[in-house]
Amino acid sequence: MQRVAVETRYRCQAGKGVQHGTTAAVLSRKRSVSCAAMTTHEPLPAVVTVDWLKDRVPDVKLLDTSWYLPPMGRDARQEFAAARIPGAQFWDIDGVCDPSTDLPHMLPSEAAFAAAADALGISNEDAVVVYDGMGVFAAPRAWWTWRVLGHSRVAVLEGGLPAWKAAGLALDEAAASSDTLTAATAAARAASSSSGNTKYKA
């Protein structure tokens, strides 16, 4: 297969110090934090709390990475469109993925991942916090994807959207456009199937 080089504002840094282990170990409550000021390039722990996030929403990139099994009878996009943490954008783990396989949410190419991050205005230096509508279900998968593809400043929100709601914090209930729901997926798929140039250099 011919390799396609594309450009985006996001630069992948795959293979830089990603440590492997069980999800349980990585997402241990012992590594969550609830205080301490965040600096521009401060590494994030694997897990952050609602108390930590509530005062830092303007300083991070929030991604709703919700995904549900069919028997659950829930629609991640509809739920995001109805209510989300203010400032959150939607990241579909089955949209930003490897389109060459029918297996669910397989890792995307660097080019597709970078295009998706770029579409959401995320740079390599940004602090990214991922969450889901179950609490901790799909978010660890999204966290792992970002880490594998070189983004060290990414964390899972402990308890996810249910914890945010339980704390009585504000939700954004303004209608979300279809473009908002599909921005990352559309960019990833375009990068996977097109030889056109963007700002990212693979």
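Thresholds applied
Every chain is numbered on its own, with residues counted from 1 as its sequence reads. With the structure being a predicted model, the display of local features is reserved for residues of pLDDT at least 70 and the display and counting of side-chain atom pairs for 80 or more, all residues being used for whole-chain, interface and lining totals. In computing side-chain values, all of the structure's heavy atoms are included and hydrogens and water are not. Side-chain atoms within 4.5 Å link the members of a nonpolar core, which is a set of buried Ala, Val, Leu, Ile, Met, Phe, Trp, Tyr and Cys residues. The cut-offs for exposure are 20% and 50% of the maximum accessible area for each residue type, with area from a 1.4 Å probe on protein chains only; residues under the lower value are buried, those over the upper are exposed, and the others partly exposed. For the purposes of this entry, the term helix denotes a DSSP run of H or I that reaches at least four residues, the term strand denotes a run of E that reaches at least two, and both are numbered from the N terminus. The contact definition used throughout considers only heavy atoms, calling two residues in contact when any of these lie within 4.5 Å. Pairing of aromatic rings covers Phe, Tyr and Trp, the last counted by its six-membered ring, and requires centre-to-centre distances within 6.5 Å; plane angles under 30 degrees mean stacked, over 60 mean edge-to-face, and any other angle means tilted. Whether a charge sits over a ring depends on NZ of Lys or CZ of Arg being within 6 Å of the ring centre and within 35 degrees of the ring normal. Basic side-chain nitrogens of Lys or Arg form a salt bridge, by our definition, when they fall within 4 Å of a carboxyl oxygen of Asp or Glu. The method works on a 1 Å grid over the protein atoms by themselves. A cavity is a set of points holding a 1.4 Å probe that cannot get out, a pocket is an open set with protein on both sides within 12 Å along at least five of seven lines, and residues with an atom within 4 Å of a point line them. Grid points are joined across faces, edges and corners, and a volume is the space filled by probe spheres set on the points. In the scheme used here, Gly and all other residues not listed as nonpolar or charged are polar, with Ala, Val, Leu, Ile, Met, Phe, Trp, Tyr, Cys and Pro taken as nonpolar and Asp, Glu, Lys and Arg as charged.

J.: Just give me the short version of the nonpolar core, but keep the residues and values in it.
T.: Within soluble globular proteins, side chains that are nonpolar generally end up buried alongside one another. The biggest cluster of nonpolar side chains holds 24 residues, and the ones touching the most others in it are Leu63, Trp91, Ile122, Val128, Val130 and Trp146. Every element with two or more residues in this core is listed here: α4 (110–119), β5 (128–131), α5 (139–148), β6 (154–157) and α7 (178–193). Apart from residues lying up to four places away in sequence, Trp91 is in contact with Leu63, Asp64, Thr65, Val96, Phe113, Ala116, Ala117, Leu120, Trp146 and Ala184. Counting residues in each nonpolar core, the second largest holds 23 residues, with Ala88, Ala155, Leu157 and Trp164 among its members.

J.: I'd like a rundown of the packing of aromatic side chains, residues and numbers included.
T.: As enumerated under the stated definition, the model contains five aromatic pairs in all. Ring geometry for Trp91 versus Trp146: centroids 5.0 Å apart, planes at 50 degrees, classification tilted. With Trp91 in the loop between β4 (89–90) and α4 and Trp146 in helix α5, this pair connects stretches of sequence that are 55 residues apart. Summarising the burial analysis for this pair, Trp91 and Trp146 share the class buried. Judged by centre distance (4.7 Å) and plane angle (75 degrees), the rings of Phe113 and Trp146 are edge-to-face. Taken together, the residues Phe113 in helix α4 and Trp146 in helix α5 connect sequence positions 33 residues apart. Take Phe113: its relative accessible area is 0%, and that puts it in the buried class. One Lys or Arg, Arg84, reaches over the ring of Phe80 and ends 5.1 Å from the middle of that ring.

J.: An account of the pattern of salt bridges is needed here, citing residue identities and associated values.
T.: Tallying each qualifying case throughout the model produces four salt bridges. The salt bridge partner of Lys54 is Asp51, with a shortest N-O separation of 3.7 Å. Of the two residues, Lys54 and Asp51 both sit in helix α2 (residues 50–54), three residues apart, roughly one turn of that helix. The exposure class assigned to Asp51 is partly exposed, which follows from its relative accessible area of 45%. Across the pair Arg74 and Glu79 runs a salt bridge, and its minimum N-O distance is 2.8 Å.

J.: An account of empty space enclosed by the protein is needed here, citing residue identities and associated values.
T.: A complete count under the given rule lists two cavities of 30 Å³ or more for this structure. Looking at the largest cavity, its volume works out to about 40 Å³. Every residue along the wall of the largest cavity is listed here: Trp91, Ile93, Val96, His105, Met106, Leu107, Pro108 and Thr145. Lining the second largest cavity, in full, are Asp64, Ser66, Tyr68, Ala76, Glu79, Phe80, Ala83, Gly133 and Leu161. Top contributing element to the lining of the second largest cavity by residue count: helix α3 (residues 76–82), with three residues. Looking at the lining of the second largest cavity residue by residue, the class counts come to five nonpolar, two polar and two charged.

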